[in-house]
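# Structural overview for review
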Amino acid sequence: MPASTTRAPVRAAPSPVSPPLLSVVIPLYNESGSLGELHRRVKAAIAGLPLAGHELVFVDDGSRDTTFDEVAALAAIDPAIRAIRFARNFGKEAAMAAGLRAARGDVIVLMDGDLQHPPELIPEMLARWQSGAKMVTAVRRSRDTDPWLRRQLSRGFYGLFKRVSEVALEEGGGDFRLFDRAVVDAINSLPERTRFMKGITSWVGFRQETIDFEPAERAAGASAWSLLRLLRYAIDGLSAFSTLPLRVWSMVGICISGLSVLYGGWLVVRTAIFGIDVPGYASLIVSVLFLSGIQLISLGVLGEYVGRIFTEVKQRPLYLVSERIGFDEAAK
Ligand code: UDP
Ligand code: MG
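Residues numbered from 1 in each chain as written. Chains lettered and ligands numbered in written order. Predicted model: local features only at pLDDT ≥ 70, side-chain atom pairs only at ≥ 80, totals over all residues. Heavy atoms only, no water.

An unreviewed UniProt entry lists the protein under the name Glycosyltransferase family 2 protein, from Aromatoleum evansii.

Right, dumping it as structure tokens:
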């Protein structure tokens, strides 16, 4: 949406009186290859900023490589590092939720750990925040680093989402964002288990701005998102922010019933005029198959939502933590 990617209007904003505490939240899953450089670049990017202090919150989402050991080693030399280790891989959404809950800053930056999100953008994001934005989203200018099929699918998804859901998603808006404390508090207060950060961030509202960036290639390792996993994620996102898939079936039902009434009327008239004949087997089987197909689809859609309700009702925690670094006992 070009309109929303325009630069923010310049306005005389009250710059915050005291310099803020900055939290950088980074989910990590098998990122040992990029961790050292990530740490270096983030530190360098925020070095000259007018901050009261900063912290780096690493959330190790059950990595199977040496990521957490490396985080621990970095934490030994850098007291600004705080880290959470999950008991297993709970997924990026859970990792982001944990990081946002742990963050103590007045401004919180959320970014990927594979260096596709350049930390050098943080100063500009912070400047936007200082001039009044409550949320700054870094929007990918292109998806050239993604495979073709994935680009097409994601375009289709954003189009569909825009049509059926209650919130609009920023196309290309990934999870590279800066939040004001108020926004993070709002996000943390959402109780839902099926997390979809892109939707949540537009749902909460607040004053949002976007800046463009060109995503880099992955620094190391491989993307953990298979097509199937992305598809599941897309279904989660849609069902979390739209009830249209549930409601559309009543419309389909009404249309089909209406057509059947017309068809029934036509049959009566035809019988009255031409007498009884034996209607074809083909039309019968086609309508039976068509209708049972529709019934199965609608049952499946119901199942999706009932499944969602089930996971919410179970009230299981979003994630389990096995280790923490840099948390005092009082903290959760
Ligand atoms: N990630 C995670 N848990 C997962 C998968 C990914 O915490 O189960 C992290 C990963 O370490 C990285 C970010 O999420 O910091 C983005 O992951 P990735 O680069 O695989 O996604 P892509 O850039 O391909 O969308
Ligand atoms: Mg990536």
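## Considerations on the pattern of salt bridges
Within this structure, the stated rule accounts for 14 salt bridges. In this structure, the salt-bridge partner of Arg104 is Glu55, at a minimum N-O distance of 3.3 Å. Remark: Glu55 occurs in strand 2 (residues 53-60) and Arg104 occurs in the loop between helix 3 (92-102) and strand 4 (107-110); sequence separation between them is 49 residues. Residue class for Arg104 comes out partly exposed when judged on its relative accessible area of 47%. Here Lys92 and Asp112 are joined by a salt bridge, their closest N and O atoms 2.9 Å apart. With Lys92 in helix 3 and Asp112 in the loop between strand 4 and helix 4 (122-130), this pair connects stretches of sequence that are 20 residues apart. With relative accessibility at 14%, the residue Asp112 sits in the buried group. One continuous salt-bridge network, built from bridges that share partners, spans Lys92, Asp112, Asp175 and Arg177. (Salt bridge = Lys/Arg side-chain N within 4 Å of Asp/Glu carboxyl O. Helix = DSSP H or I, 4+ residues; strand = E, 2+ residues; numbered from the N terminus. Buried < 20%, exposed > 50% of the residue type's maximum accessible area, 1.4 Å probe, protein only.)

## Re the side chain of Arg128
With respect to the element layout, Arg128 can be found in helix 4. The buried category is assigned to Arg128, whose relative accessible area is 11%. Within the structure, the side chain of Arg128 is placed 3.0 Å from the side chain of Glu209, a separation counted as a polar contact. (Polar contact = N/O pair within 3.5 Å; in protein donor to acceptor, adjacent residues only side chain to side chain.)

## Digging into the coordination of the magnesium ion (ligand 2)
Protein coordination at the magnesium ion (ligand 2) comes from Asp114 (OD) and Gln116 (OE1), with a distance range of 1.8 to 1.9 Å. Considered together, Asp114 and Gln116 belong to a single accessibility category, that of buried residues. (Donors = N, O, S within 2.8 Å, 3.2 Å for Na, K, Ca; no water.)

## Concerning the nonpolar core
Counting 39 residues, the largest nonpolar core has Phe86, Leu100, Phe161, Phe179, Ile187 and Val204 as its most contacted members. Phe86 has contacts with Val59, Asp60, Asp61, Gly62, Ala94, Ala95, Ala98, Tyr319, Leu320, Val321 and Ser322, leaving out every residue within four places of it along the chain. (Core = buried A, V, L, I, M, F, W, Y, C linked by side-chain atoms within 4.5 Å. Contact = heavy atoms within 4.5 Å.)

## A short note on helix 6 (residues 181-188)
Buried residues of helix 6: Val183, Val184, Ala186 and Ile187, and no others. Relative to the axis of helix 6, the buried residues are bounded by an arc of 160 degrees and lie together on one face. Backbone nitrogen of Ala182 and a side-chain oxygen of the N-cap are separated by 3.0 Å at the start of helix 6; the cap is Asp180. (Arc of directions from axis to C-beta.)

## Digging into the site of ligand 1
In the vicinity of ligand 1 there are 18 residues, among which Tyr29, Asp61, Gly113, Asp114 and Ser223 approach most closely. Between ligand 1 and the protein, one listed contact pairs an oxygen atom with a side-chain N or O atom of Gln116 at 2.7 Å. At a separation of 2.8 Å, an oxygen atom of ligand 1 approaches a polar side-chain atom of Arg229. Within the complex, 94% of the 530 Å² of free accessible area of ligand 1 lies under protein. In the shell around ligand 1, the residues fall into 5 nonpolar, 5 polar and 8 charged. (Near = heavy atom within 4 Å. Areas by Shrake-Rupley, 256 points an atom, 1.4 Å probe, with all protein chains shown as cover. Nonpolar A, V, L, I, M, F, W, Y, C, P; charged D, E, K, R; others polar.)

## Here we look at the packing of helix 9 (residues 244-274) against helix 10 (residues 281-314)
With their axes 9 Å apart at the nearest point, helix 9 and helix 10 run at an angle of 160 degrees to one another. Regarding the angle of helix 9 to helix 10, the classification is roughly antiparallel. Between helix 9 and helix 10 the crossing geometry is left-handed. For the pair helix 9 and helix 10, contact is made by Pro245, Leu246, Trp249, Val252 and Ile256 and by Phe290, Leu291, Ile294, Ile297, Ser298, Val301, Leu302 and Tyr305, respectively. Looking at the contact of helix 9 with helix 10, its residues break down into 12 nonpolar, 1 polar and no charged. (Axes fitted to C-alpha atoms, helices over the stretch in contact; angles between N-to-C directions. Parallel < 35°, antiparallel > 145°, perpendicular 65-115°, else oblique. Left-handed = near helix turned anticlockwise from the far one by under 90°.)

## Concerning the UniProt feature "transmembrane region" (unreviewed entry) in the protein
UniProt marks residues 248-269 and 281-306 with the feature "transmembrane region" (unreviewed entry), using the numbering shown here. A helix fraction of 100% and a strand fraction of 0% characterise residues 248-269, whose end C-alpha atoms lie 32 Å from each other. Each end of residues 281-306 is marked by a C-alpha atom, and these two atoms are 37 Å apart; helix forms 100% of the span and strand 0%. (UniProt positions renumbered as here; feature names shortened; annotations may be inferred.)

## Some words on the packing of aromatic side chains
Evaluated as defined, the whole model comprises 4 aromatic pairs. Arranged with centres 5.7 Å apart and planes meeting at 85 degrees, the rings of Phe176 and Phe213 form a pair that is edge-to-face. You can see Phe176 sitting in strand 6 (residues 173-180) and its partner Phe213 sitting in strand 7 (residues 208-213), a full 37 residues away along the chain. Looking at Phe176, the relative accessible area reads 0%, which means it is buried. Assessed through its relative accessible area of 4%, Phe213 is described here as buried. In textbook terms, an aromatic cluster arises when at least three aromatic residues are bridged by ring pairs, as seen for Phe86, Phe90 and Tyr319. One Lys or Arg, Arg82, reaches over the ring of Phe327 and ends 4.2 Å from the middle of that ring. (Phe/Tyr/Trp six-rings, centres within 6.5 Å; stacked < 30°, edge-to-face > 60°. Lys NZ or Arg CZ within 6 Å of the ring centre and 35° of its normal.)

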